[in-house]
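Architecture and fold: a report
Given next are the chains, with one letter for each unit.
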Amino acid sequence: MKDALERLADVDELDIQTSRWRDAIAGQIEDIKKLVHETSARRERYKVDVPTSHNVAVDQRVVALYANAAKLVGMEGPTNELVGWLKDNEKKLKVVSIVGFGGLGKTTLANEVYHQLKGGFQCGAFVPVSQKPNISKLLHSLLTQLGCGQPFHDCELNVLLDQLRENLKNKSYLVIIDDLWDVSAWNIIRCAFPENNLGTRLIITTRIKTVAEACCFGHHEHILEMKPLSEEDSRKLFFDRIFCSGEACLGQLKDVLVEILKKCGGLPLAIISISSLLASESADQKERWENVLNSLGSVSGTNLTLEAMRQILNLSYKNLPHHLKTCFLYLGMFPEDSEIYRHQLVRLWVSEGFVSKARGQRPEQTATSYFNELVNRSLIQPIDIDTNGSVRTCKVHDMLLDLILYKSAQENFITVVDNPEAIIGPLQKPRRVLFNLVSATLPGDVSVPQVRSFANWRGSVHIPSLAEFKYLRVFVADFSSCSADGSQKIDLTGLCKLYQLRHIWIRGCWKCQLPTKIMGLQMLETFDIDGSCIPTDIFHLPCLLDLIIPSVKRLPEGIGKMASLQLLNHFDTLHTSLDSIKGLGELSNLSTLVLRTVFSEDVDMDVLNSSLAKLSNLESLEIISPDSWIPEALTLSPPPPNLVKLYMIKRSHVPNWIGELHNLQTLYLTVEKLEKDGVRILAELPALVNLKLTFDRALEETIAIDGTTFAILKLFHISCKNMPHLTFQGGAMPKLETLSLPLNAKGWKQEKNAAPTGIEHLLALKRISVGIGSDTESEQRSAESAIRSTISMHPNHAHITINIW
């Protein structure tokens, strides 16, 4: 167009019609330029949509709220009552229901009781149900968690139920069924649990009293009704979030606080939401607090409805900057009650174009700050929290998800397709589609060319033809639980023609036919599949950041061309050419690497060491040798200067070069033996905060942790095939907060075996988790008695969890 206009400008004489046409276009272009300049000036003047570029960390006050549910405000009474019901001597299967309005803490209570009691059962599981449950997926989750082996994905429901009953008939088990909405789902789920007179217990959480009653088989005395927090507990929870203390001197804010808490009606979710909103600003500004109170309007805490709760949560949403609103609404693309990995979510935000470019920062770093801000505002709940306080996984409370889907429908941000007949009006041109149809297809009048994101978590094989998508940026699909005909694979070859694609995530690849070449996807940033084959031209994608292919053994040639690559999972040295091992060293931006290697004359360890030494930006390295020991010739010397996480499975002993990893914070190490030099090497790592040691054999030698060693270690996990001789001397591990001891008590004899000693010297210890495995009940009791006797000497009375298997 520009060239055409320039040519027209050079023509001296034009006919009248062409001249008018040129003048009209020129005028419109000038109007557009003027509008762009005005918009740019207004954006600059009001600082609209310009997020801060500094890194935002997770507020540790939020972490404190979720890290130890046992200390949560108002939980002690209901917890003790529920534990009392469950720990009686009744041998018959008992079902207990927790019922109450959304946001009262039913799931938190059930989770706390589960972690307190699961050690007394042979197996346990915690499964969410949701409003529109995928029963097949739920039963698969039960089978996995209860240790029933890997089920076949295509099994019918009756086969899955029979498999569960067969595996559970001689076991005591504790199972939580969370967020049950109707009796029909319960009538299927209950069939999985045999009555075996072994003291089995089930806990159901629901908002609906009739469901609670149906689950308890008419035993109303087994229903716990959650009550709102008292005024005193409401104040304490509010202060815990803002001031990290149950008490605070409010002065002029006292009267405002009283009115705000009245509006919250004793609901923990509402209190945390409002207090997090205030904590994100200057917490002592009276005007700010009064504005929040006024914004709550006519909300009455004495009779909170779903609409009133939505209004409270909406206040937090309205106060988000625009870039965070977009990221928050995008959480609606995930299934209800799903556990979301931060890394996956951050990558999706980047692929969607939600993340502004910040000077000196990678988009992923900026997106992580966005994630942390949402955590700090309590709009997403941290689930798995690292030792350094960062959040690895999160969930969205179903009340907040209700708000997200409500807002998304209003703004045509996300279209949830679970009823094709309900798609009308503007939603016939959806922008992002959460495809929940299992056996139906989209109506013919629904247009998909303009769809930017497509997520199919429920495994439907009736998705729209890929040829219909023109501007798709994100494709997410999980076919692992679908009942596809094994002879006819799901055709995904059309992905290679979706030239705007930034993100591909597929599970159940064995049921799919993937494209063999994808060189046309020049904007692709993430390629994450569980299949064993990948496109042969994968290394010709200049923008690829994440390559996650854990089932692929041999990579195509040309990995050295992937200059942009930041994450590679995995790289198999045994099935990869020497040129590819050399090319690994060319990945100058690589920050995360999963390496699979074995001792073999076909692998040149000098070349591999040379390549690893060149990875100057490497932060996380996982080295796995599943069938043999990691070769001694494999070294990290000189070490990658920024390496903070190292996982090694398996080494014969602690290698000397680990002592050179001065920035290492997390170390997972499986070894055959641990000598004094090995303990010394580990103890002197200056930045180590998380250490997990696993021994591949029974240990005869004593592991002595000397005083003043492991100066900043916070988490210590040690596991071996017997009860190790472990002793802590005075002054050892002065910062240790969590001690985890999965122990094998097989052959335990009181006079020969000794429980770990010196635990009383771990003065900062808060949590002790012990797992005891053995063949006989007498060994279990003897080992447990010795462990409890040792732990009882700890002066701080650390929280103890003992699991028996």
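You'll find the structure just up there.
All of these numbers come straight from a predicted model, not from anything done at the bench. (Residues numbered from 1 in each chain as written. Predicted model: local features only at pLDDT ≥ 70, side-chain atom pairs only at ≥ 80, totals over all residues. Heavy atoms only, no water.)

1. Details of the overall build of the protein chain
Operational definition: Secondary structure is summarised from DSSP: a helix means a run of H or I of at least four residues, a strand means a run of E of at least two, and numbering begins at the N terminus for each. Here the accessible surface of atoms and residues is derived via Shrake-Rupley with a 1.4 Å probe, and residues count as covered only by protein chains that are part of the display.
Each helix and strand counted, the protein chain has 22 helices and 29 strands in total. Surface exposure of the protein chain reaches about 36800 Å², of which carbon and sulfur atoms provide 50%.

2. Observations concerning helix α12 (residues 268-279)
Counted only if it meets this: What a helix is expected to span follows from its residue count: subtract one and scale by 1.5 Å. Any residue under 20% of the maximum accessible area for its type is buried, any over 50% is exposed, and the rest in between are partly exposed; the area is computed with a 1.4 Å probe on protein chains only.
Relative to the 16 Å expected for 12 residues at 1.5 Å per residue, α12 spans 16 Å between its end C-alpha atoms, a close match to the ideal helical length. Those residues of α12 not exposed but buried are Pro268, Leu269, Ala270, Ile271, Ile272, Ser273, Ile274, Ser275, Ser276, Leu277, Leu278 and Ala279.

3. A look at the sheet that holds strand β6 (residues 340-341)
Stated formally: Paired strands are those between which DSSP finds at least two bridges.
Read from one edge of the open sheet, three strands run β6-β8-β7, paired in antiparallel fashion. Two strands lie at the open edges of the sheet, namely β6 and β7 (381-385), each paired on one side alone. Note: β7 against strand β8 (residues 391-395), four bridges, orientation antiparallel. Note that in β8 the partner of Ile385 across the bridge is Val391.

4. Focus on the nonpolar core
Our working definition: The criterion is simple. A nonpolar core is a set of buried Ala, Val, Leu, Ile, Met, Phe, Trp, Tyr and Cys residues joined through side-chain atoms within 4.5 Å. Note on definitions: a residue-residue contact is assigned when non-hydrogen atoms from the two residues lie within 4.5 Å.
If you look at the biggest cluster of nonpolar residues, it comprises 107 residues, and the most contacted ones within it are Phe475, Phe527, Leu646 and Ile658. When neighbours within four sequence positions are excluded, Phe475 is seen to be in contact with Phe454, Ile463, Leu466, Leu492, Leu495, Leu501, His503, Ile504, Trp505 and Ile506. Judged by nonpolar contacts, the second largest core, of 94 residues, contains Val58, Val62, Phe413 and Trp505.

5. Digging into the sheet that holds strand β1 (residues 94-99)
Applicable threshold: Where helices are involved, their axes are fitted lines through C-alpha atoms of the stretch in contact, as for all axes, and angles between N-to-C directions lie from 0 to 180°.
Across the sheet, which stays open at both edges, the five strands sit in the order β2-β3-β4-β1-β5 with parallel pairing between neighbours. A strand with exactly one partner marks an edge of an open sheet, and here the two such strands are β2 (123-128) and β5 (223-225). With direction set aside, neighbouring strand axes in the sheet form an average angle of 15 degrees. The sheet contact formed by strand β3 (residues 173-180) and strand β4 (residues 201-206) spans five bridges and is parallel.

6. Details of the packing of helix α15 (residues 322-329) against helix α17 (residues 363-376)
Just so we agree on the cut-off: Under this scheme an angle from 65 to 115 degrees is roughly perpendicular, one under 35 degrees roughly parallel, and one over 145 degrees roughly antiparallel; angles in between are oblique. Residue classes follow a fixed rule: Ala, Val, Leu, Ile, Met, Phe, Trp, Tyr, Cys and Pro count as nonpolar, while Asp, Glu, Lys and Arg count as charged, and any other residue, Gly among them, counts as polar.
Interhelical geometry of α15 versus α17 gives an angle of 80 degrees and a closest axis separation of 10 Å. Classed by the angle they form, the pair α15 and α17 counts as roughly perpendicular. The segment α15 lies against α17, with His323, Leu324, Cys327 and Phe328 engaging Tyr370, Glu373 and Leu374. Its residues assigned to classes, the contact of α15 with α17 comprises five nonpolar, one polar and one charged.

7. Points about empty space enclosed by the protein
Formally: Using only the protein atoms, space was sampled on a 1 Å grid; points where a 1.4 Å probe fits but cannot get out form cavities, open sets with protein on both sides within 12 Å along at least five of seven lines form pockets, and lining residues are those with an atom within 4 Å of a point. Grid points are joined across faces, edges and corners, and a volume is the space filled by probe spheres set on the points.
Tallying each qualifying case throughout the model produces five cavities of 30 Å³ or more. What lines the largest cavity is simply Leu331, Phe334, Pro335, Glu336, Asp337, Ser338, Ile340, Lys395, Val396 and Leu401. Tallied by class, residues from the lining of the largest cavity come to six nonpolar, one polar and three charged.

8. Regarding the side chain of Asp337
The criterion, for reference: Only four residue types enter the charge count, namely Lys and Arg as positive and Asp and Glu as negative; His and the chain termini do not. The salt bridge definition used is simple: a Lys or Arg side-chain nitrogen within 4 Å of an Asp or Glu carboxyl oxygen.
The residue Asp337 is located in the loop between α15 and β6 in this model. The charged side chain of Asp337 is buried without a salt bridge, its nearest counter-charge being Lys395 at 5.6 Å. Setting aside chain neighbours within four positions, we find Asp337 in contact with Pro128, Val129, Ser130, Asp179 and Lys395.

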